[in-house]
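# Structural overview
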Amino acid sequence: MKRKSLRAALLGIMFALLFALALAGLDAQSGAPSGPKTAEQTYKNIQVLKGQPADQLIPAMQFISNSLGVECDFCHVQGAFEKDDKKPKQVARKMMQMMTAINQENFDNHREVTCNSCHRGAAKPVAVPIISEDDHKPATPEAAPEAAQAASKLPTSDQLIDKYVQALGGAAAIQKVTSRVAQGSANVAGHQMPIDIFEMAPDKRVSFMHVGNGDSVTAYNGHEGWLAAPGRPLRDMSSSDIEAAKLDANLHFATDIKQLFGELHVEHEEKIGDQSAYVISALRKGQPPLKLYFDEQSGLLLRELRLAESPLGLNPTQIDYADYRDVDGVKTPFRWTIARPNGRFTIQLEQVKQNVPIDDAKFVKPAPPEKKP
């Protein structure tokens, strides 16, 4: 395993993914005004994304990384991100301006064309259609009635969610859970690293991945979220990361689904490995849809597909849940795999305890280091 691949996988562990930590070294401007800051007020040499919220710069860079399959140093000078020494950075600016112009002039300023429309995970645009290895069967008019008939046989969202709650152990058992402490390991690019996870109702969660020279931390305390890694300054979560962290920190997510989402639509059946799943599209006002995949047989949640907003496009995160075990009357997944366009990693729990005391200090955001005069 090359060192570069391992580094990319390690950075992918955090909600902000590759650029959340890499951009931590970007020099902030001094004397910026107080209150919500724009990208150019916080970072040096911002030319295209002016006016965007500062916390959306990293998701935008992440979207470029996902779309082109590259890392920070493809465009940026490591340790001096504000410099314009590399040609790909100049090209990236022109491409963002071109994308904006196309959408403004052809799609009423709706974001229909993105970096991924042409690049599809390649540094150079994919100009020639790709030959598929699978047989492609084009849709026929006769298939439409069959699809409509299949859709009419789907269960309702209420039926699927109620079955999920019962499969976990029932609403009463779920609501009794006030805290959870888990220990296990994370498999990142073939490397096993210990991980400790602390959760406390209603909405606190922190994970510590022990990476040898320190801890990689992902934390949300109900008010704010942050990321930290050895040798890197602490970073606040972006607004899109905060939305994902809220879901992860909800110990009663199963019983809260109907209240959390204003609209729930059962879309279709889909295969996940050798298991059949029903797919629900869950919508919240002002947020991209969340896809929930429920096992047809057991009713348990097999997968979540999340979309995080950025100025350039939507960043996907897929979480697969498996190895459900009973813990004090509540089924809990002991393994989950987090996959993103730039890589994936798996967490395997070894021990889970519920309703145990947790020190509130674990959910307190560390104070920033004092600046030297």
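Let me sum up the structure you'll find in this document. As the structure is a prediction and not an experimental result, all values here were calculated from the model.

Omega for the bond connecting Ala201 with Pro202 falls within 30 degrees of zero, at 10°, which places this linkage in the cis form. Tracing the sequence through the fold places Pro202 in the loop between β2 (191–200) and β3 (204–210). Positive phi outside glycine occurs at Ala189, with the angle close to 55°. Along the chain, Ala189 turns up in the loop between β1 (179–188) and β2. Positive phi outside glycine occurs at Asp323, with the angle close to 55°. Here Asp323 is to be found in strand β11 (residues 315–327).

Right, let's get into helix α5 (residues 87–106). Between its first and last C-alpha atoms α5 spans 28 Å; for 20 residues at 1.5 Å apiece the expected length is 28 Å, and the two agree. Those residues of α5 not exposed but buried are Lys89, Ala92, Arg93, Met96, Met99 and Asn103. Relative to the axis of α5, the buried residues are bounded by an arc of 125° and lie together on one face. Facing away from the buried side of α5 by over 90 degrees, the exposed positions are Lys87, Lys94, Glu105 and Asn106. Residues of α5 that are buried sit in contact with α4 (57–68) and α6 (115–119). One or two steps after α5, the chain reaches Asp108, where phi turns positive at roughly 50°.

Of all hydrophobic cores here, the largest spans 44 residues; its most connected members are Ile257, Phe261, Leu292, Trp336, Ile347 and Leu349. Among the elements that line this core, the one with the most residues is helix α8 (residues 157–168), at six residues. With sequence-adjacent residues up to four places away left out, Leu349 is seen in contact with Ala182, Gln183, Gly184, Ile197, Arg325, Pro333, Phe334 and Trp336. Ranked by size, the runner-up nonpolar core spans 15 residues in total, among them Leu49, Leu57, Met61 and Ile64.

Turning our attention to the pairing of strand β7 (residues 263–272). Working note: regular strand, side chains alternate between the two faces of the sheet. The pairing of β7 with strand β8 (residues 275–283) spans nine bridges and is antiparallel. Bridge assignment links His265 to a residue of β8, and that residue is Ser281. The antiparallel pairing of β7 with β8 creates a hairpin that spans two residues between the two strands, and Gly273 there sits at a positive phi of about 65°.

The rules behind each value
- All residue numbers refer to positions counted from 1 along the written sequence of the respective chain.
- In keeping with the model being predicted, local features are shown solely for residues with a pLDDT of at least 70 and side-chain atom pairs are shown and tallied solely at 80 or more, while totals for entire chains, interfaces and linings include all residues.
- Computation of side-chain values covers all heavy atoms of the structure but excludes hydrogens and water.
- Helix and strand definitions follow DSSP, with helices as H or I runs of at least four residues and strands as E runs of at least two, each counted in order from the N terminus.
- Here, expected helix span is obtained from the residue count minus one, scaled by 1.5 Å.
- Here's how the labels work: a residue is buried when its accessible area is under 20% of the maximum for its type, exposed when over 50%, partly exposed in between, all with a 1.4 Å probe on protein chains only.
- As used here, the arc belongs to the directions running from the helix axis to the C-beta atoms.
- In this description, contact between two residues means that some pair of their heavy atoms is separated by no more than 4.5 Å.
- Each nonpolar core is a collection of buried residues, namely Ala, Val, Leu, Ile, Met, Phe, Trp, Tyr and Cys, held together in the definition by side-chain atoms within 4.5 Å.
- Whether two strands pair depends on DSSP finding at least two bridges between them.

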